[in-house]
Amino acid sequence: MRTFDLEKLQTGDSVLDSVHKTDSSKIDRFSTIIDNIYEWVWEVDQNGVYTNASEQVFSVLGYQPEEIIGKTPFDFMSASEAERVGKIFGEIASKQVPFSKLLNICLHKDGHEVYTETSGKPFYDEEGLFCGYRGIDFDRTEEVTTNLTLKKTNTSLQERLDKQHQLLLNVTNSISDLLFYKDTDLRYTGCNQAFSNFLGLPIDFIIGKTDYELFDKKHADIFRTNDTIVMQSLQSNSNYEWVTHADGRRLYLLSQKSPLIDTSGQLIGMVGISRDLTTEHKLEEELKKSTLHLIDAQSIAKVGHWEWDIRNDTLFWSDEIYKIFGYTPQEFAATYEIFLQTIHPDDRQQVHDETQYAVEHMSKYDIFHRIVLPDNTEKIVHEIGHAIYDAEGKPERMIGTVQDVTELKSIENELTEQKEAFETIFEYSSDGMLLLQDGRFIACNQAVVKMMRASGKEEFLMMHPSQLSPEFQPDGSSSYQKAEEMMRICLAQGYNHFEWVHSRMDGEEFWSEILLTSLVINNKPTIHVSWRDISERKVLNERLESANTLYKKLVNELDTKVKEQSAHIIKQSRMAQMGELLSMIAHQWRQPLSSIGVISSNVRMTLALADEEEISQKSSDYIHQKMDEIENLLQSLSGTIDDFRTLYKPEKVKKEIILSEPVDRALHIIDVSLKKNQVKVIKSYNTDTCIPVHSNEVMQVMLNLIKNAEDNFIERKTLNPTLTINITQSKESVKAEVCDNGGGIKEEVMEHIFDPYFSTKDKKNGTGLGLYMCKIIIEQQHKGKLEVHNTDNGVCFTVELPISDTTD
């Protein structure tokens, strides 16, 4: 990557100045063009220093042209932005190619940020030497700010839409009824979990299919016919269907299907909901049979019929009556008196009186009473009868039926208790309870009266829900029309849940949560309404949303500060390491430079002592030999420069290399220093597997670990200092262990070894950032691990890198 000379950036010297001095006519033409262009036109030299700028820079950044001449574009940016743009522009300048639409964030003279879009072309002098760039900056602040605001708004709306979608999904999946959607081609576009379970197929598989792909043709034809009726008539339709469940059961379903209309009134599909009525259907069939049995029993006495001969006092019971009373026909001959003995003592007189009254007044005999069976158990029976009279009006006999209603009475009592319980719950519930028929309130509880601040229930009777609401709801819809729609949805799907704004009798508006449930009372469609005042919850939600907004703002600010601090730490670490590496360079160069000096002296001495004949014969070969030696030493110095020049060169793309490569490069850099301090290096490379890494960054880590070991040897004056480097491979990673025999690390120091600014060295020799930076490079940039542990006589650092790339 191309970098700029800092000294030239400070002085503002440029090749372009010389060009201006030699070609004043070109300068005049260029200035004329600059003065007549609305946007900010500029010129920089080969080091990125402004040499010319149009007056429009004042309208963009608030500076006069003379205030920016001699400075670089990066002087008018934040540190992070200057680093980002500097990398990009450096790459462009190194190739000397034109560029366009480079977006920058500059700092206005008053401190606010200005977004500029930069384009430029390189220019050259008459000899073809690169002189710098000329370009133009467009102020894109308003456009970028608008786009950022729009992006945030879109993100917020999308999040809200996702929440609403998830809520709808949760609600539909909590319904036990089968819910499904189809498009106009009658392909399934969605369903709930109950429908998926019914078919025994995943929801994703069902979507996009037709009934012919999910059911047999017979049922698919029926479904298609019913769906077509709904689509063509745009009316809801209900029908009963026998369908086979995935587990093989035959189910009797009530399906309610309605057209789906979009906001523009166009048909986009249909929605259906099916309820399992198999049990109810069976009960209904059984009830029909029971009713037929009851009719037959009343006509031919199958329930149990009796006949009492009043004149002869004989009583006939059918076999069914004997069963009801717990006797057999052979046990006794039934008489009226014996019949009375089977009646519960507390009911006996009433039965006798009712019988006599019916006979004497020619009325119907209809009574419920208790009987006592031989095992002392009690039953309740229902008796119906009437007397038959002769020509003179005297009673001859009485006929009737007996039905065991013990269980029915028990159910009746239970229903009565449930009715009383419902009425109690309805009346004394803390939530408002109302009943709607034909869109009008027919009943309400005391909670509604209190909630609405009314004088009594009569104020609500026969009122439409919109009469207890403002004219329009918060979404702008008419309260009357929306109330009608909410009731329609409830009657169509059995329930409806939503929020509503009501008006109290004194005019105060308040938010309420509404639950509508469809009922049938006295064979008439009825809606049960539940109100709950949620005004306080609405206020709390608004406060919570405000708190969340503040929290997100604080998190963003904290994240920005953390990033700035991290960048500062990284810069400090690299500056510190550069100081150490400069010392290494001095050690690397000292020996070759001394050798060059010795060779030069020998050559001079040889030339001084040799006569002309020797110079022409022997010394020529000697001089060539020594020049070769000097060239080899110079190549060694050049190689050292390349090693240190690439050490901190950032790599944008990871490369597949073997781990021993950056290890050997690090050893080569510090080789002279290690030999000087008599450090023995033992290498054991047991794998040649290539892994994706940033080679320079990994080399920095290895160099840091090796240099720390060397410093520890020197500080502790370790005898026979030895550095062992082992590279091994596991199933998912490659490990490099850097171990020394320098005595190890104290346990109280070990837990802080990777903390920033923590160092065991004195302030002169350590910044405490080296291992912290190593940790960041290995674990954050490479998703690996950097760990440390003590051995018997020293310490081992383990670098573990994944074989496959786990980063974006």
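Note that the structure is a prediction, hence the values are computed from the model and not measured.

A. The overall build of the protein, seen in detail. The helix and strand inventory of the protein stands at 25 helices and 27 strands. Considering the protein as a whole, with its 808 residues, one finds that 40% of them fall into the buried category. The long-range fraction of contacts in the protein, counting pairs at least 24 apart against all pairs at least 6 apart in sequence, stands at 51%. For the protein, the accessible surface area stands at approximately 47600 Å², while carbon and sulfur atoms represent 53% of it.

B. Quick peek at the state of the cysteines. Going through the model one piece at a time under the given rule, you end up with 1 disulfide. Between the sulfur atoms of Cys739 and its disulfide partner Cys796 the distance amounts to 1.7 Å. Taking the torsion about the S-S bond as the criterion, the Cys739 to Cys796 disulfide, at about 110°, is right-handed. Of this pair, Cys739 sits in strand β25 (residues 733–740) while Cys796 sits in strand β27 (residues 795–802), placing them 57 residues apart in sequence. The class for Cys739 is buried, based on a relative accessible area of 12%. Using a relative accessible area of 5% as the deciding quantity, one classes Cys796 as buried.

C. Just the pairing of strand β10 (residues 267–276), in detail. As judged from the 5 bridges shared by strand β6 (residues 178–182) and β10, these two strands associate in the antiparallel manner. Bridging from a neighbouring strand, Tyr181 pairs with Val271 of β10. Following strand β9 (residues 250–261), the chain reverses through 5 residues before pairing antiparallel with β10; Gly265 in that reversal takes a positive phi of roughly 85°.

D. Region of interest: the environment of Leu373. With respect to the helices and strands, Leu373 occurs in the loop between β13 (365–372) and β14 (378–389). Look past the residues within four positions of Leu373 in its chain and what remains in contact with it is Ile324, Phe325, Gly326 and Lys379.

E. Representation of the confidence of the model for the protein. Per-residue confidence for the protein gives a mean pLDDT of 81, with 79% of residues at or over 70. This model gives residues 1–24 a pLDDT under 50, and the stretch forms 50 contacts once residues within four places in sequence are excluded.

F. View of the packing of aromatic side chains. The full count for this structure, using the stated rule, is 22 aromatic pairs. For the ring pair Phe130 and Tyr133, a centre distance of 5.8 Å and an interplane angle of 75° mean the geometry is edge-to-face. Taking relative accessible area as the criterion, Tyr133 reaches 1% and is therefore assigned buried. The positively charged end of Arg134 is found above the aromatic ring belonging to Phe123, 4.0 Å away from the centroid. The aromatic ring of Phe205 is capped on one face by Lys209, whose charged end is 4.1 Å from the ring centroid.

Rules of the game
- Residues numbered from 1 in each chain as written.
- Predicted model: local features only at pLDDT ≥ 70, side-chain atom pairs only at ≥ 80, totals over all residues.
- Heavy atoms only, no water.
- Helix = DSSP H or I, 4+ residues; strand = E, 2+ residues; numbered from the N terminus.
- Buried < 20%, exposed > 50% of the residue type's maximum accessible area, 1.4 Å probe, protein only.
- Contact = heavy atoms within 4.5 Å.
- Areas by Shrake-Rupley, 256 points an atom, 1.4 Å probe, with all protein chains shown as cover.
- Disulfide = S-S within 2.5 Å.
- Pairing = 2+ DSSP bridges.
- pLDDT = per-residue confidence, 0-100.
- Phe/Tyr/Trp six-rings, centres within 6.5 Å; stacked < 30°, edge-to-face > 60°.
- Lys NZ or Arg CZ within 6 Å of the ring centre and 35° of its normal.

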